[in-house]
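Here is what each chain is made of, one letter per residue.
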Amino acid sequence: MLTSKIGEALVKAPSFESALNEVLKILYSYWDVRHSFISFFDPESQTLKIVSAFGLTKEQIRRAIFKKGEGMVGKVFKNELPVLLQDLEEKGYLNKLGLKDVVERGTSFLAVPLKTADQVLGVFGVFKKFKEGESKEKALELLQTLGTFISITYLINKKHSQERAFWEEEKKLLTQTLYENFGQEGIIGKSLAIQNLIKLVKKVAQTTANVLITGESGTGKSFIAKAIHFLSPRKNKPFVAVNCAAIPETLLEAELFGYEKGAFTGAFTSKKGKFELADGGTIFLDEIGDLPLALQPKLLKVLQEREIEKLGREEPIKVDVRIIAATNRPLEELIKEGHFREDLYYRLNVITLHLPPLRERQEDIPLLAEYFLYKFNRRYEKEVFLSPEVIEIFKKYPWPGNVRELENLIERLVILSEGVILPTDLPGYILKGITSHEKEPPLPSFIEDKEKEEIVKALEKTGYVKSRAAKLLGLTLRQLDYRIKKYNIPVTRY
Ligand SMILES: Nc1ncnc2c1ncn2[C@@H]1O[C@H](COP(=O)(O)OP(=O)(O)OP(=O)(O)O)[C@@H](O)[C@H]1O
Ligand SMILES: [Mg+2]
């Protein structure tokens, strides 16, 4: 009963100190211990000091400091053996604790060392008045068991706090390095373009204005959209991203606005749309240039009225959503071609953030390279470095796939190399790229490589008839078109 109560207290208490206080309280309530204390050895002062006490005044606690071997407490610590003293008031042991006048006649003092496998931590002492027939030996045994509990808890606690301190330190170091060397708010770059962008992002984040982010593929549009959300007062609310090009046209409306049960054949349940899911937060409409013309008036309505029309539902639903859109296609041209509504464009484009291609901000290349190197070295537990020559080559290479290409290349180099990376370790197209200044297709990641390969194969098999290739791949024509664009796959027409 007593041991299980104490075990529970040790496990449940929010801190080690409060656990000890709990233990002493339990001993008072369930075992009639009116005065008790737990002392730990302080290596700095080389003395035993009380860390938790029950039934002792502040003054008594302050005075109860023992050297190794001094007094009963010091002796228990030094000899690493328990003691049992009966009829205390007749012996002079309580001087230093000042308990002489406090303890009742017939009270005994029991103390046990707090030990771990290789170390004595301190002393656990209690003053207890035994009832007739109550075994003092049993009491001492019990106290030793409790002492073991306490010592184990101490060890576990110490390990935890060491680990916590280690991770706290790691975290501090990491954020510090990030901030000092790489930029602010996790956005890396010292070029004027990026510095201005950081300023704008911070300002814009405080508003709910619609933002349009433009830039080539891989320049960091999605990344900046997230940064805006997480720097905004909406940061604790959802961030919902929708890629308008990757979802088949027929499903996109339901995906964005949701539907009610029975809205169409097959709508057995109702479904929340992305706008509803993003309520209170931010919706990120990626590849907005690919939003089908038929859906554009519906989005415009959301922007104007701040409410959505759910399929199969009469009355509109109010939503409070911040809208960020991104595109790597020039919307102005799409407007001229009649593929994008001008009114929608002006609504989305209250604030435009443009991300220049990496080749136009060369001074960011070494920073980004070092940052990705640091990231992947940690991830793969490696210690790979870039030689200065490699950095020079990076600065000259045109990076058609922009930051993503650089990131993927460095991930690959970290995985495949050891030690210093020299120009000869770089893939051939990089060296070719700097000499010929020809545009090379973006470097895809391993998975993207595979996907691209599959698409090329399917196109070859079907004689470059895209609709047939799409069928073969299990994609819609739109999805295939999106990927052909993304991977820069040359489509030869016959
Ligand atoms: N300034 C930056 N600092 C740190 N990381 C960056 C920065 N810019 C881009 N990145 C990283 O580069 C990668 C590519 O960025 P992101 O996916 O945002 O590009 P994107 O413009 O959205 O591309 P796409 O048009 O293909 O969607 C991401 O892993 C992103 O975290
Ligand atoms: Mg993106």
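Residues numbered from 1 in each chain as written. Chains lettered and ligands numbered in written order. Predicted model: local features only at pLDDT ≥ 70, side-chain atom pairs only at ≥ 80, totals over all residues. Heavy atoms only, no water.

Let us now look at the sheet that holds strand β1 (residues 33-42). Read from one edge of the open sheet, six strands run β3-β2-β1-β6-β5-β4, paired in antiparallel fashion. If you trace the sheet from one side to the other, it starts and ends with β3 (66-67) and β4 (83-85), each paired once. In this structure, β1 lies alongside strand β2 (residues 47-54), joined through seven bridges in antiparallel fashion. The residue of β2 that forms the bridge with Phe40 is Lys49. Against the sheet, helix α4 (residues 71-79) contacts β1, β2, β3, β4, β5 (107-116) and β6 (119-129), and its axis sits at roughly 135° relative to β6. (Pairing = 2+ DSSP bridges. Helix = DSSP H or I, 4+ residues; strand = E, 2+ residues; numbered from the N terminus. Contact = heavy atoms within 4.5 Å. Axes fitted to C-alpha atoms, helices over the stretch in contact; angles between N-to-C directions.)

Turning to the environment of Gly218, a few remarks are in order. Inspection of the secondary structure assignment puts Gly218 in the loop between β9 (211-215) and α7 (221-231). Here the alpha-carbon distance between Gly218 and Arg404, two residues 186 residues apart in the chain, equals 4.8 Å. Not counting chain neighbours up to four residues away, the residues in contact with Gly218 comprise Gly401, Asn402, Val403 and Arg404.

Taken N-terminus to C-terminus, the directions of helix α6 (residues 192-205) and α7 make an angle of 45°; their axes are 8 Å apart at the nearest point. The angle between α6 and α7 falls in the class oblique. Note that α6 runs across α7; the crossing there is right-handed. Contacts between α6 and α7 pair Leu197, Val201, Val204 and Ala205 from the former with Ile224, Ile228 and Leu231 from the latter. Of the residues belonging to the contact of α6 with α7, the class tally is seven nonpolar, no polar and no charged. (Parallel < 35°, antiparallel > 145°, perpendicular 65-115°, else oblique. Left-handed = near helix turned anticlockwise from the far one by under 90°. Nonpolar A, V, L, I, M, F, W, Y, C, P; charged D, E, K, R; others polar.)

This next bit is on the site of ligand 1. Every one of the 17 residues lining ligand 1 counts as a neighbour, but Ser217, Lys221, Ser222, Phe223 and Glu407 are closest to it. A distance of 3.3 Å separates an oxygen atom of ligand 1 from a polar atom in the backbone of Thr219. Between ligand 1 and Phe223, the relevant distance is 2.8 Å, taken from an oxygen atom to a main-chain nitrogen or oxygen of the residue. In isolation ligand 1 offers 630 Å² of accessible surface; the protein chains occlude 86% of this area. Only β8 (187-188), α7 and α15 (402-416) provide two or more residues apiece to the shell around ligand 1. (Near = heavy atom within 4 Å. Polar contact = N/O pair within 3.5 Å; in protein donor to acceptor, adjacent residues only side chain to side chain. Areas by Shrake-Rupley, 256 points an atom, 1.4 Å probe, with all protein chains shown as cover.)

Assigned domains of the chain: these are domain 1 (2-161), domain 2 (189-356), domain 3 (359-436) and domain 4 (446-486). At the junction of the two partners, domain 2 supplies nine residues and domain 3 supplies eleven residues. For the pair domain 2 and domain 3, the summed buried area comes to about 900 Å², and 46% of that belongs to carbon and sulfur atoms. Interface area lost by domain 2 to domain 3 is led by Glu216, Gly218 and Pro356, which between them contribute 43%. Applying the counting rule to domain 2 against domain 3 returns one salt bridge. Notably, a salt bridge pairs Glu216 with Arg359, separated by 2.5 Å at the nearest N-O pair. Counting across the interface, domain 2 meets domain 3 through nine residue pairs in polar contact (both at pLDDT 80 or more). For the side of domain 2 that touches domain 3, a count of residues per class yields two nonpolar, five polar and two charged. (Domains from an automatic or database assignment. Buried area = accessible area lost by both parts, 1.4 Å probe. Salt bridge = Lys/Arg side-chain N within 4 Å of Asp/Glu carboxyl O.)

The next thing to look at is the nonpolar core. Among the nonpolar cores identified, the biggest contains 32 residues, and Phe275, Leu285, Ile288, Leu291 and Phe340 are the most heavily contacted of them. Secondary-structure elements contributing two or more residues to this core are β10 (239-243), α8 (249-257), β13 (282-286), α10 (296-305), β16 (322-327), α11 (331-336) and α12 (342-348). Here this core takes four residues from α10, the largest share from any one element. When neighbours within four sequence positions are excluded, Phe275 is seen to be in contact with Leu256, Phe257, Ile283, Leu299, Val302, Ile308, Val319, Val321 and Ile323. (Core = buried A, V, L, I, M, F, W, Y, C linked by side-chain atoms within 4.5 Å. Buried < 20%, exposed > 50% of the residue type's maximum accessible area, 1.4 Å probe, protein only.)

Attention shifts here to the packing of aromatic side chains. For any two aromatic rings, the description comes down to two numbers: the centre-to-centre distance and the angle of the planes. In total, this model carries 17 aromatic pairs according to the counting rule given. Ring geometry for Phe41 versus Phe77: centroids 4.8 Å apart, planes at 20°, classification stacked. Taken together, the positions of Phe41 in strand β1 and Phe77 in helix α4 put the pair 36 residues apart, joining distant regions of the chain. For the pair Phe239 and Phe284, a centre-to-centre distance of 6.1 Å together with 25° between the ring planes defines the contact as stacked. Residue Phe239 is found in strand β10, and its partner Phe284 is found in strand β13; the two are separated by 45 residues along the sequence. Exposure remark for Phe284: the relative accessible area of 2% places this residue in the buried category. Three or more aromatic residues joined by ring pairs form one cluster here, namely Phe394, Tyr397, Trp399 and Tyr429. Across the ring face of Trp31, the terminal group of Lys128 is positioned such that the distance to the ring centre comes to 4.8 Å. Between the NZ or CZ atom of Lys128 and the centre of the ring of Phe130, over which it lies, the distance is 5.3 Å. (Phe/Tyr/Trp six-rings, centres within 6.5 Å; stacked < 30°, edge-to-face > 60°. Lys NZ or Arg CZ within 6 Å of the ring centre and 35° of its normal.)

Right, let's get into the pattern of salt bridges. One pass over the full model with this rule turns up 27 salt bridges. For Lys310, the salt bridge identified is with Glu260, shortest N-O distance 3.9 Å. Here the residue Lys310 occupies a position in the loop between β14 (307-308) and β15 (317-318), and Glu260 occupies one in the loop between β11 (258-259) and β12 (271-272), the gap between them amounting to 50 residues. Take Glu260: its relative accessible area is 18%, and that puts it in the buried class. Between Lys375 and Glu407 there is a salt bridge, with its nearest N and O atoms 2.7 Å apart. Placement of the pair is Lys375 in helix α13 (residues 364-380) and Glu407 in helix α15, with a sequence separation of 32 residues. On the basis of relative accessibility, which here comes to 25%, the residue Lys375 falls in the partly exposed class.

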